[in-house]
Amino acid sequence: MKIILIQPPIRDFYDTEIRLQPLGLCMLKAAVKMHIPDIEVIVKDFHQGRGRRTITYPGEFTYLKDYYQFHDKGPFSTFHHFYHFGADFDEAAEEVAKERPDLVGISSLFSPYCREALACAHAVKKRIDAPIIMGGPHVSAAPREILKDPCVEFIIRGEGERPLVELLKALCYEGAMDCVPNLGFKRNSEMILNPIEKNYDISDMPWPDFSDLPTDRYTLNGKPL
């Protein structure tokens, strides 16, 4: 079984490098490798190190053009341009499809970027029929909003290491979805949200697995994070 875990691109007026390393996805990979070593897990970061391009303002932001008419000329950003930071959605989906995964996980960390996470899900679904699971703080805050999307089969609320491992066990060994903590799924068009339970103790969890990420892509003060 192969799993692809995705950090999606974002769209915004600016980007902040310090928050870009997908630590959570690397922790998920390490947990799966510890508990189910036969499963292959690949982390794909389609955000950091994938460039940027200028795009048009979203409709709800067009009123800002009257205030941000000129290019930045000082130390404070006036948000003149709106950008897509990272890979194009179709480009990301093509890269995922080439891996032929059995499950695709997508991180939705910040609520302002939930549309980008869902756009990744839709682009992936156009190419492969693998189930998609989404997790992260936005999913925990609005689980039903995400789960109702036709391209999302599963969600995880709260911390994800133990729930992901238990879900994979259920998928591999035909276990019951109702027993997977923190899991959200659909049954006959009904949305089921399982109870939230404790994660693994932090002292029992392995070090995050950064092996899929180039070390020179993530730096702080010129040194690798």
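Look up a bit, the structure's there.
Residues numbered from 1 in each chain as written. Predicted model: local features only at pLDDT ≥ 70, side-chain atom pairs only at ≥ 80, totals over all residues. Heavy atoms only, no water.

**Student:** Is there a simple way to think about the sheet that holds strand S2 (residues 10-12) in this case?
**Tutor:** Strands pair in a sheet through their backbones, by hydrogen bonds, and they do so in one of two ways: parallel or antiparallel. Taken together, the three strands give an open sheet; going across it, the order is S2-S5-S4, and neighbouring strands pair in antiparallel fashion. The sheet is open, and its two borders are formed by S2 and strand S4 (52-55), each paired with just one other strand. Averaged over all pairs of adjacent strands, the angle between strand axes in this sheet comes to 25°, irrespective of strand direction. Pairing geometry for S4 and strand S5 (residues 82-85), over four bridges, is antiparallel. Looking across to S5, one finds that isoleucine 55 is bridged to phenylalanine 82. (Pairing = 2+ DSSP bridges. Helix = DSSP H or I, 4+ residues; strand = E, 2+ residues; numbered from the N terminus. Axes fitted to C-alpha atoms, helices over the stretch in contact; angles between N-to-C directions.)

**Student:** Before we go on, may I ask you to explain helix H2 (residues 89-98) in this structure?
**Tutor:** Structurally, the α-helix is built with 3.6 residues per turn, so residues lying three or four positions apart point the same way. Taken together, the buried positions of H2 are Phe89, Ala92, Ala93, Val96 and Ala97. Viewed end-on, H2 has its buried residues packed into an arc of 135°, placing them on one side of the element. Structurally, H2 contributes buried residues whose contacts are with strand S1 (2-7), S2, S5, strand S6 (103-107) and helix H3 (114-125). Of the residues that open H2, the one with a side-chain oxygen 2.9 Å from the backbone nitrogen of aspartate 90 is aspartate 88. Directly beyond the C-terminal end of H2, a positive phi value near 50° is found at arginine 100. (Buried < 20%, exposed > 50% of the residue type's maximum accessible area, 1.4 Å probe, protein only. Arc of directions from axis to C-beta. Contact = heavy atoms within 4.5 Å. Polar contact = N/O pair within 3.5 Å; in protein donor to acceptor, adjacent residues only side chain to side chain.)

**Student:** Which parts of the structure should I look at to understand the side chain of glutamine 48?
**Tutor:** Mapped onto the elements of the fold, glutamine 48 is located in the loop between strand S3 (40-45) and S4. One polar contact links the side chain of glutamine 48 to the main-chain carbonyl oxygen of arginine 217, over a distance of 3.1 Å. Beyond its immediate chain neighbours, meaning those up to four positions away, glutamine 48 contacts Leu20, Arg217 and Tyr218.

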